[in-house]
Amino acid sequence: MRGGWASAWLAQVAEDARLCRTEALAAMADEAGGRRSGGVPVARGSVSDPMAAVDARMDRDAARAARMERSAASVEECERVLDGMAAAGLRVEAYVVGLRDLDGMSWSRVALALGTSVSTVKRRRRVAVDWLDHVGPTRARMGVGTATESRT
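A brief report on the enclosed structure follows. (Residues numbered from 1 in each chain as written. Predicted model: local features only at pLDDT ≥ 70, side-chain atom pairs only at ≥ 80, totals over all residues. Heavy atoms only, no water.)

### Here's the deal with the environment of Glu15
- Relative to the assigned elements, Glu15 resides in helix α1 (residues 5–32).
- In sequence terms Glu15 and Asp101 are 86 residues apart; their C-alpha atoms lie 8.3 Å from each other.
- A polar atom in the side chain of Glu15 sits 2.5 Å from the side chain of Arg18. (Helix = DSSP H or I, 4+ residues; strand = E, 2+ residues; numbered from the N terminus. Polar contact = N/O pair within 3.5 Å; in protein donor to acceptor, adjacent residues only side chain to side chain.)

As structure tokens, this is what we get:
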């Protein structure tokens, strides 16, 4: 997982976090009664398997639940890595990655949250990615690594 893995990993984590946010909103809508059940379409004419539609929906729901479980685990793993990054002295960089990749904020919103410029938060994220690539996932989780940044 070395040599540039961090960018691809964070892209996948961002997608997993987006999926978790979407599912959380959908669950809240379901609880509030905001979504229709979808119902089971009734076929006209002869039906060889009247439960086929229900079975298909159950299969889709099971696949969706498995995907959600994997996505939630991915997000939790990223949170552990960010905790390790902060422990290694890269608190601001971990915060930027959290806001951008886990919370899905735009660059301008991250900059506003930190009271800095977009270019600064992008640079901080690059530092985070470089550090992750340098120390690797295991050491990142443990917070082991040097938190140095070259001033350019």
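### Some words on the packing of helix α3 (residues 91–102) against helix α5 (residues 118–142)
- The interhelical angle for the contact between α3 and α5, taken along N-to-C directions, is 105 degrees, at an axis separation of 8 Å. Classified by the interaxial angle, the pair formed by α3 and α5 is roughly perpendicular. Across the interface between the two elements, Val92, Glu93, Val96, Val97, Arg100 and Asp101 of α3 pack against Val121, Arg124, Arg125, Val127 and Ala128 of α5.
- In the contact of α3 with α5, the residues fall into six nonpolar, no polar and five charged. (Axes fitted to C-alpha atoms, helices over the stretch in contact; angles between N-to-C directions. Parallel < 35°, antiparallel > 145°, perpendicular 65-115°, else oblique. Contact = heavy atoms within 4.5 Å. Nonpolar A, V, L, I, M, F, W, Y, C, P; charged D, E, K, R; others polar.)

### Re the packing of helix α4 (residues 107–114) against α5
- Viewed as axis vectors pointing N to C, α4 and α5 meet at an angle of 95 degrees, and their least axial separation amounts to 8 Å. With respect to α5, the axis of α4 lies roughly perpendicular. Here α4 contributes Trp107, Ser108, Val110, Ala111 and Leu114 to the contact with α5, which in turn contributes Val118, Val121, Lys122 and Arg125.
- Here the contact of α4 with α5 is built from residues that sort into six nonpolar, one polar and two charged.

### Thoughts on α3
- Between its first and last C-alpha, α3 extends 15 Å over twelve residues, near the 16 Å set by a 1.5 Å rise per residue.
- Within α3, burial applies to Glu93, Ala94, Val96, Val97, Gly98, Leu99, Asp101 and Leu102.
- Of the residues trailing α3, Gly104 is marked for its positive phi of about 75 degrees. (Expected span 1.5 Å × (residues − 1). Buried < 20%, exposed > 50% of the residue type's maximum accessible area, 1.4 Å probe, protein only.)

### Let's talk about the pattern of salt bridges
- Counted under the stated rule, the structure contains six salt bridges.
- The salt bridge partner of Asp16 is Arg67, with a shortest N-O separation of 3.0 Å. Here the residue Asp16 occupies a position in helix α1, and Arg67 occupies one in helix α2 (residues 52–87), the gap between them amounting to 51 residues.
- Assessed through its relative accessible area of 3%, Asp16 is described here as buried.
- Overall, Arg67 belongs to the partly exposed group, its relative accessible area being 27%.
- Here Arg141 and Glu77 are joined by a salt bridge, their closest N and O atoms 2.4 Å apart. On the criterion of sequence distance, the pair formed by Arg141 in helix α5 and Glu77 in helix α2 is long-range, its members being 64 residues apart.
- Accessibility expressed as a relative area gives 33% for Arg141, which makes it partly exposed.
- Connected through salt bridges with shared partners, the residues Glu77, Arg80 and Arg141 form a single ionic network. (Salt bridge = Lys/Arg side-chain N within 4 Å of Asp/Glu carboxyl O.)

From the geometry alone we can't say anything about function, so treat these as descriptive.
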